[in-house]
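Reading the structure
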Amino acid sequence: MSIKVITRKNQPRKVSIRMVDGSMVHGKVNVYHDEEVVQRVSDIFTKVSDPFIVVFDVTAEGKAGRVLIINKRNITWVSPLDDQA
């Protein structure tokens, strides 16, 4: 029996996201991806082919600490809040 240890590097960046319905999402996105070279929040939208992003430590609709999986097509804009989380 072999055991596979999966480690996931985490380089979170704080963001504010405006959805197409006008709602706002505040949370963090991981800019580290194994497959693509991603160093900035904008790279998630220009270099990563996955149509979804994972946003964690989310504050939305009065609730905090949530995890959202958001379709990029439902995003109007994203604003990075700082260089590091």
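The model shown is predicted, which means the values in this text are computed figures rather than measured ones. (Residues numbered from 1 in each chain as written. Predicted model: local features only at pLDDT ≥ 70, side-chain atom pairs only at ≥ 80, totals over all residues. Heavy atoms only, no water.)

Of regular secondary structure, the protein possesses 1 helix and 5 strands. For the protein, the α and β elements follow one another from N to C terminus as β-β-α-β-β-β. Within the span of the protein, comprising 85 residues, buried residues form 29% of the whole. The contacts of the protein with a sequence gap of at least 6 include a subset with a gap of at least 24, amounting to 49%. Roughly 6,100 Å² of accessible area belongs to the protein as shown, and the carbon and sulfur atoms make up 50% of that amount. (Helix = DSSP H or I, 4+ residues; strand = E, 2+ residues; numbered from the N terminus. Buried < 20%, exposed > 50% of the residue type's maximum accessible area, 1.4 Å probe, protein only. Contact = heavy atoms within 4.5 Å. Areas by Shrake-Rupley, 256 points an atom, 1.4 Å probe, with all protein chains shown as cover.)

Turning our attention to unusual backbone geometry. Here the phi dihedral of Asp57 falls at roughly 50°; this positive angle occurs in a residue that is not glycine. Its place among the elements puts Asp57 in strand S3 (residues 52-60).

Attention shifts here to the pattern of salt bridges. Applying the stated criterion to the full structure yields 2 salt bridges. Taking the shortest distance from any N to any O, the salt bridge between Asp43 and Arg40 comes out at 2.9 Å. (Salt bridge = Lys/Arg side-chain N within 4 Å of Asp/Glu carboxyl O.)

Turning to the pairing of strand S2 (residues 24-30), a few remarks are in order. Taken together, the 7 bridges between strand S1 (residues 12-19) and S2 define a ladder with antiparallel strand orientation. Bridging across to S2, Ser16 finds its partner in His26. In textbook terms, the turn of a hairpin is the stretch between consecutive antiparallel strands, and for S1 and S2 this stretch comprises 4 residues, one of which, Gly22, has a positive phi near 95°. Here S2 pairs with S3 via 2 bridges, running antiparallel. In the strand pairing of S3, His26 is matched with Thr59. (Pairing = 2+ DSSP bridges.)

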